[in-house]
Amino acid sequence: MLGELKVEPFGPIDALHAAVRRRAPQVAVTRARVPEEYSVPKFGTFGVLGLRLHVSYRTRLARRIRWDGDAAIYVWASGPDDGVQLSTDPEVAATRIARAIGAPVSPAPSRR
């Protein structure tokens, strides 16, 4: 219906966004949909919008991270580590992202 609010469920990119905000609050982090293509044999190439996390710190170039649903792991989607797997855990991935872009990392919260 016209004027209806579209709400998406909380997913892996949302979990990573929250983890980066906790572990490296100085990092600029946004969620964005970016065009991507995929091929289907005998049918051709199709375009879709894939959800990515964009991160940057100070003068470092922005980089993107994606969720690989088939392997159930976070993966660099741009930069010198393009295609390299990060982690299945958003907290671990957030720490690796912060270190890779030179941002300070806050200590992990204690578990009670």
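Refer to the structure presented above.
Residues numbered from 1 in each chain as written. Predicted model: local features only at pLDDT ≥ 70, side-chain atom pairs only at ≥ 80, totals over all residues. Heavy atoms only, no water.

Caption draft 1: Main features of the pairing of strand β3 (residues 63–68). Two strands pair when backbone bridges link them, and β3 and strand β4 (residues 73–76) are joined in this way by four bridges, in the antiparallel orientation. What sits directly across from Arg 66, in β4, is Val 75. Counted along the chain from β3 to the antiparallel partner β4, the turn is four residues long, and its residue Ala 72 has a positive phi close to 55 degrees. (Pairing = 2+ DSSP bridges. Helix = DSSP H or I, 4+ residues; strand = E, 2+ residues; numbered from the N terminus.)

Caption draft 2: How the structure looks around helix α1 (residues 12–23). For α1, which comprises 12 residues, the first-to-last C-alpha distance of 16 Å matches the rise-based estimate of 16 Å (1.5 Å per residue) to within 8%. Here α1 has its buried residues at Ile 13, Asp 14, Ala 15, Leu 16, Ala 19, Val 20 and Arg 23. (Expected span 1.5 Å × (residues − 1). Buried < 20%, exposed > 50% of the residue type's maximum accessible area, 1.4 Å probe, protein only.)

Caption draft 3: Up close: the pattern of salt bridges. Under the defined criterion, the tally for this structure stands at three salt bridges. Asp 14 serves as the salt-bridge partner of Arg 31, at 3.0 Å between the closest nitrogen and oxygen. Within this pair, whereas Arg 31 is found in strand β1 (residues 28–40), its partner Asp 14 is found in helix α1, the two being separated by 17 residues in sequence. The residue Arg 63 makes a salt bridge to Asp 81 at a minimum N-O spacing of 3.0 Å. With a gap of 18 residues between them, Arg 63 in strand β3 and Asp 81 in the loop between β4 and α2 (90–100) connect regions that are remote in the sequence. Classification of Arg 63 as buried rests on a relative accessible area of 9%. Judged by its relative accessible area of 27%, Asp 81 falls in the partly exposed class. (Salt bridge = Lys/Arg side-chain N within 4 Å of Asp/Glu carboxyl O.)

Interpretation note: all reported values are geometric properties and have no functional meaning in isolation.
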